[in-house]
Amino acid sequence: MSALLQSSAAELGRAMASGQVSSREVTQAHLDRIHAVDGDVRAFLHVDAERALAAADAVDARRAAGAELGPLAGVPIAIKDIFCMTGAPTTVGSRILEGWQPPYNATVTQRVLDAGLVVLGKTNLDEFAMGSSTENSGYFTTHNPWDRDRIPGGSGGGSAAALAAFEAPLALGTDTGGSIRQPASVTGTVGVKPTYGGTSRYGVVAMASSLDQPGPCGRTVLDTALLHQVIAGWDPMDSTSINAPVPDVVGAARRADVSGLRLGVVRELGGEGYEPGVEQRFREAVDALAAAGAEIVEVSCPNFRYALGAYYLIMPSEVSSNLARFDAMRYGLRVGDDGSHSAEEVMALTRGAGFGAEVKRRIIIGTYALSSGYYDAYYGSAQKARTLIAGDFEAAFETCDALLSPSTPTTAFRIGERTDDPLAMYAADLCTIPSNMAGNAAGSFPCGLADGLPVGLQVMAPVLADDRVYAVGAALERELAARWGGVLTDRLWARQNGGEQ
Ligand code: GLN
């Protein structure tokens, strides 16, 4: 049983294809694991064991009948509770959607189901994906499996914690400012934000539509690439979806070849505010990539310093517009519907009761930034900064194949440490936000421990060069696995299970 939990998704897929194990056995092992540890980790908002086992049996039956199945058929997956999926609640971590069941599947959900993956359940997140710690969830806080007093990152902390706790070998996330990469970084797992338009947003509850991007999460680079391949590609239901071939992410992950690649270390993403342990692990990882044959140079992206400020104008502006649809009439919660209140009062009462403090803060900031008389000064300026940031990337990619930085300035902070300080919370995404602003591909990869807590290295590649993110991540994984005797989370398993194999 522990061997099934420790296996990568790629290994599980192969073992099922060769008949060594059934999807039912693999799925049951993960459901048992969730039962054993999720009371402490709290990664899942919703688990449906019956549905998962029925899906596993269906894959086993198709396999027995000789059907051609993909490499991840029968492999369990955890889905961030922002992706619509029929037959289960989609709450987006908000009380305003408690109990709501979507009438259709997100395109990404549908592709996962069509590929025969077995959905274990929906994972916890900050309300409407706004946060860096899952402490803004309307339900409960998820704990970091490396240290349960610490945050698992956010907003997709549930998906990352489920991976690190060996509750699922694969998970889905969305990344608007770092919500895939920052949780990956602080849990020692892998997470990739594809090129904007590379994966469909159809059926993903919208936070900030010009920044949101669904993406894959895993414990190994190859697993993450295999999931990327399943979910990516053109979708006519998403008007911003790119109609172009999906980059060969799986081939790149398998080759893990960085020889001849020129990698630029971004000067502005380091220094003051960065933990020394983070910078040290990052420098060692860069050295490992050099040893693997990459050429390392330093690059400057001076406009990245505007990224956080511009993001916290553009994102709330889009939030204030997107969240207007939660009007007490169409979805979920309705408060004050007793005949004594007007429709406007019911809306106000419902939004007052159903939204948490951070969501309200952002709606108010966004409404202000877009209001007449302030629009040019705030939203307009932020859009100009966004153009400058994209220009920095363009200039850097003229001389570099990909860029490198730490994924986050610090390791996982303590639960409660930043809840009273929104600016400190927002700073968790200093390194990740520029790629959302410019729309390019980026991923976070484990590069070691600082004071016993995981550190991540970020790889940023040009638009539609997602394969380079995987090539660099896989080369780093190979170099470090040689030193560690496996991937980083294997050490966590050993720590939790006293070295049991
Ligand atoms: N932490 C960032 C925020 O709070 C990013 C969130 C995200 O990527 N969904 O906005």
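Residues numbered from 1 in each chain as written. Predicted model: local features only at pLDDT ≥ 70, side-chain atom pairs only at ≥ 80, totals over all residues. Heavy atoms only, no water.

1. Points about the pattern of salt bridges
Part 1 of the argument: What the rule picks out here adds up to 16 salt bridges.
Part 2 of the argument: Ionic pairing is found between R148 and D40, a salt bridge with its closest N-O pair at 3.3 Å. With R148 in the loop between β3 (118–123) and α6 (157–164) and D40 in helix α3 (residues 23–41), this pair connects stretches of sequence that are 108 residues apart.
Part 3 of the argument: On the accessibility criterion, R148 (35% relative accessible area) is partly exposed.
Part 4 of the argument: For D40, a relative accessible area of 43% puts it in the partly exposed group.
Part 5 of the argument: In this structure, E298 engages R267 in a salt bridge whose closest nitrogen and oxygen atoms are separated by 2.7 Å. In this pair, E298 sits in strand β8 (residues 295–299) while R267 sits in the loop between β7 (262–266) and α10 (276–291), placing the two residues 31 residues apart along the sequence.
Part 6 of the argument: Note on E298: relative accessible area 52%, which makes it exposed. (Salt bridge = Lys/Arg side-chain N within 4 Å of Asp/Glu carboxyl O. Helix = DSSP H or I, 4+ residues; strand = E, 2+ residues; numbered from the N terminus. Buried < 20%, exposed > 50% of the residue type's maximum accessible area, 1.4 Å probe, protein only.)

2. Focus on the site of the ligand
Part 1 of the argument: What surrounds the ligand is a group of 16 residues, the closest being T176, G177, S179, Y311 and D429.
Part 2 of the argument: In this structure, G131 approaches the ligand through a main-chain N or O atom, which is 2.9 Å from a nitrogen atom.
Part 3 of the argument: For the ligand, a nitrogen atom lies 2.9 Å from a polar atom in the side chain of S132.
Part 4 of the argument: With the chains in place, 100% of the 290 Å² that the ligand exposes on its own is no longer accessible.
Part 5 of the argument: Here the residues of the shell around the ligand are counted per class, giving six nonpolar, seven polar and three charged. (Near = heavy atom within 4 Å. Polar contact = N/O pair within 3.5 Å; in protein donor to acceptor, adjacent residues only side chain to side chain. Areas by Shrake-Rupley, 256 points an atom, 1.4 Å probe, with all protein chains shown as cover. Nonpolar A, V, L, I, M, F, W, Y, C, P; charged D, E, K, R; others polar.)

3. A closer look at the pairing of strand β11 (residues 453–461)
For a regular strand, side chains alternate in direction, first toward one face of the sheet and then toward the other.
Part 1 of the argument: For β11, a buried count of nine out of nine residues is recorded, marking the element as mostly surrounded by other parts of the structure.
Part 2 of the argument: Bridge count for strand β10 (residues 441–450) against β11 is eight bridges, and the pairing is antiparallel. By the bridge assignment for β11, S444 is matched with Q458.
Part 3 of the argument: Taking the residues between adjacent antiparallel strands as the criterion, β10 and β11 are bridged by two residues, where D451 takes a positive phi near 50°. (Pairing = 2+ DSSP bridges.)

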